[in-house]
Amino acid sequence: MPDIANMHEIILITIAGPDRPGISAHITGLLADHDVNILDISQAVIHDHLSLGMLIETPSEQESALLMKSVLFAAHDMGLTARFRPITTESYQQWVAGHGKSRYIVTLLARKITAEHIAAVSGLVAANDLNIDGLSRLSGRVPLENEMNTPRDTRKACVEFSVRGEPRDISGMRAAFLRLANELNLDIAFQQDNAFRRNRRIVCFDMDSTLIEHEVIDELAKAAGVGEQVAAITERAMNGELDFTQSFRARVALLKGLDAGVLEGIASNLKLTEGAEQLIRTLKSLGYKTAILSGGFTYFGEYLQKRLGIDYVYANALEIVDGKVTGNVIGEVVDGQRKAELLRQIAEREGVNLEQVIAVGDGANDLPMLGIAGLGIAFRAKPMVKQNAKQAISTLGLDGILYLLGVRDRDLEFR
């Protein structure tokens, strides 16, 4: 930081107009001729329109006058506008002091983002004493509505807010974001902007109704002729109305006598959740480790492991004797607490902090692992799970998680 006592003049310069290569180089070259220090700089381009801002320190008022004249002439020649505003030492000192304030990332996700969405989210941000430092679009460029070839239910839109300050009540603000998300059919994620956010290393997935669209035990139950009975128990368990382990054993018992050959047919027809392949492929290319931590069955977890290249699989081993399902599971049931324990073990094995782990799930039995992970995401989850998770995604597919990591669509073009 420069020595404020030796400052001669501070000026905020803003340049705007049609973008083209070389503008920043030319303008900063002129400033260099006048022995200028750059205190802050920011540039953005929207639809080929440039907005360049620079906070500069000049050695004297006389030098300031000369450089402003140079910049004005250069801007005019390039079809740009240039504005200058003097900044007082007191104002600069206050700005520097604000450097220590907490920073957060607010991510808005939807099939299509409207002015109503931006206004509502930015209004909530302001109501909680947070200042927006920056806004950027992470999703790809959007064609006009009548030119879109993509089905509406698979489109993606994301805007990221960089905000600064101390929220009045983080819990209250999260609750308000969730209410707003439900009202406007969008998702809003709120994360502290720190080194952990930019350095996640492991992603642990629930399997049924998260990585795949099915509840496999329901598919097995249909094949065994007990579909309605098992589905009813499954629904109550996922909503947190029943103890998972007891309900799981009760459902498995109903499968007794099922021919084991049915498993292969069900596995080959599993439908991956929207965005699953794109997400896993991208995570692998970025060096992430992935895991399935499932209250479902190992057979199907290992099938997905081979299909997607998952690193770890932990689920329940369905006991099979003489080609028939016995109605029992082998070993300890993977319930909610077991998922959390396994997540800890994987993090320790990989040598990473829990803050660097992402957990994704939809049911009540996923809450323990969502709670201890640095980023816990309730994906298309039951209301009770969404209310208790740190983040929730309901409007987009699994690849929407990439936006929470700050990954832009254009970053994926080479993959």
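Going by the structure above, here's the rest.
Residues numbered from 1 in each chain as written. Predicted model: local features only at pLDDT ≥ 70, side-chain atom pairs only at ≥ 80, totals over all residues. Heavy atoms only, no water.

**Some words on empty space enclosed by the protein**
Okay, step 1: On inspection of all chains with the given rule, the structure shows 2 cavities of 30 Å³ or more.
Okay, step 2: Considering the residues around the largest cavity, the lining is formed by 17 residues, among which Asp-208, Glu-215, Phe-244, Gly-295 and Gly-296 are closest to the centre.
Okay, step 3: Those elements that provide at least two residues to the lining of the largest cavity are α7 (227-238), α8 (244-253) and β10 (289-297).
Okay, step 4: Here the lining of the largest cavity takes 4 residues from β10, the largest share from any one element.
Okay, step 5: Of the residues in the lining of the largest cavity, the class split is 5 nonpolar, 5 polar and 7 charged.
Okay, step 6: Approximately 30 Å³ is the volume attributed to the second largest cavity.
Okay, step 7: For the second largest cavity, the full set of lining residues is Lys-156, Gln-278, Asp-399, Leu-402, Tyr-403, Val-407, Asp-409 and Leu-412. (1 Å grid on protein atoms, 1.4 Å probe; cavity = no way out; pocket = protein on both sides within 12 Å on 5 of 7 lines; lining within 4 Å. Points joined across faces, edges and corners; volume = space filled by probe spheres on them. Helix = DSSP H or I, 4+ residues; strand = E, 2+ residues; numbered from the N terminus. Nonpolar A, V, L, I, M, F, W, Y, C, P; charged D, E, K, R; others polar.)

**Considering the layout of surface pockets**
Gaps left between atoms are located by rolling a probe of water-molecule size over the structure's atoms.
Okay, step 1: Here the largest pocket is characterised by a volume of approximately 1600 Å³.
Okay, step 2: Lining the largest pocket are 43 residues, and of these Ser-42, Gln-43, Ala-44, Leu-135 and Ser-136 sit closest to its centre.
Okay, step 3: Mapped by element, the contributors of at least two residues to the lining of the largest pocket are β1 (9-18), β2 (37-46), β3 (49-58), α3 (89-97), β6 (131-137) and β7 (157-164).
Okay, step 4: Take the lining of the largest pocket: its biggest share by element is 8 residues, from β2.

**Things to note about the nonpolar core**
Okay, step 1: In this structure, Leu-220, Phe-297 and Phe-300 are the most contacted members of the largest nonpolar core, which totals 56 residues.
Okay, step 2: Setting aside residues up to four positions removed in sequence, Phe-300 forms contacts with Met-207, Val-216, Leu-220, Leu-263, Ile-266, Ala-267 and Leu-270. (Core = buried A, V, L, I, M, F, W, Y, C linked by side-chain atoms within 4.5 Å. Buried < 20%, exposed > 50% of the residue type's maximum accessible area, 1.4 Å probe, protein only. Contact = heavy atoms within 4.5 Å.)

**Considerations on the pairing of β1**
Okay, step 1: Looking at chain direction, β1 and β3 are connected through 10 bridges and run antiparallel. Counterpart to Ile-10 in the pairing with β3 is Glu-57.
Okay, step 2: Strand direction decides the pairing type here: β1 and strand β4 (residues 81-87), joined by 7 bridges, are antiparallel. Pairing of Leu-12 across the sheet is with Arg-85, part of β4. (Pairing = 2+ DSSP bridges.)

**With respect to the pattern of salt bridges**
A side chain with one charge may pair with a side chain of the opposite charge, provided their charged atoms come close.
Okay, step 1: Tallying each qualifying case throughout the model produces 19 salt bridges.
Okay, step 2: Across the salt bridge formed by Lys-156 and Asp-409, the nearest N and O atoms sit 3.9 Å from each other. Residue Lys-156 is located in the loop between β6 and β7, and its partner Asp-409 is located in the segment after α15 (401-404); the two are separated by 253 residues in the primary sequence.
Okay, step 3: Here Arg-380 and Glu-274 are joined by a salt bridge, their closest N and O atoms 2.9 Å apart. Taken together, the residues span a long stretch of sequence, with Arg-380 in the loop between β14 (375-379) and α14 (383-388) and Glu-274 in the loop between α9 (262-268) and α10 (276-285) at a distance of 106 residues.
Okay, step 4: By relative accessible area, Arg-380 is classed as partly exposed at 33%.
Okay, step 5: It is possible to trace a salt-bridge network through shared partners that takes in Glu-160, Asp-193, Arg-197 and Arg-198. (Salt bridge = Lys/Arg side-chain N within 4 Å of Asp/Glu carboxyl O.)

**Topic: the side chain of Ser-247**
Okay, step 1: Within the secondary structure, Ser-247 sits in helix α8.
Okay, step 2: The class for Ser-247 is buried, based on a relative accessible area of 4%.
Okay, step 3: In terms of polar contacts, Ser-247 uses its side chain to reach the backbone carbonyl oxygen of Phe-244, at 2.8 Å.
Okay, step 4: The residues touching Ser-247, leaving out its near neighbours within four places in the chain, are Ile-233, Ala-237 and Leu-242. (Polar contact = N/O pair within 3.5 Å; in protein donor to acceptor, adjacent residues only side chain to side chain.)

**Regarding unusual backbone geometry**
Both trends apply: most residues other than glycine have a negative phi, and most peptide bonds are in trans.
Okay, step 1: Backbone geometry places Asp-48, a non-glycine residue, at a positive phi of 60°.
Okay, step 2: Within the element layout of this structure, Asp-48 appears in the loop between β2 and β3.
Okay, step 3: In this structure, Arg-380 takes a positive phi of about 45° despite not being glycine.

**Notes on the sheet that holds β3**
Okay, step 1: Read from one edge of the open sheet, 4 strands run β2-β3-β1-β4, paired in antiparallel fashion. Of all strands in the sheet, those bounded by a partner on one side alone are β2 and β4. The average undirected angle you get between the axes of adjacent strands in this sheet is 15°.
Okay, step 2: Relative to β3, β2 runs antiparallel, the two being bridged by 9 bridges. Within β3, the position partnered with Ile-46 by the bridge is His-49. (Axes fitted to C-alpha atoms, helices over the stretch in contact; angles between N-to-C directions.)

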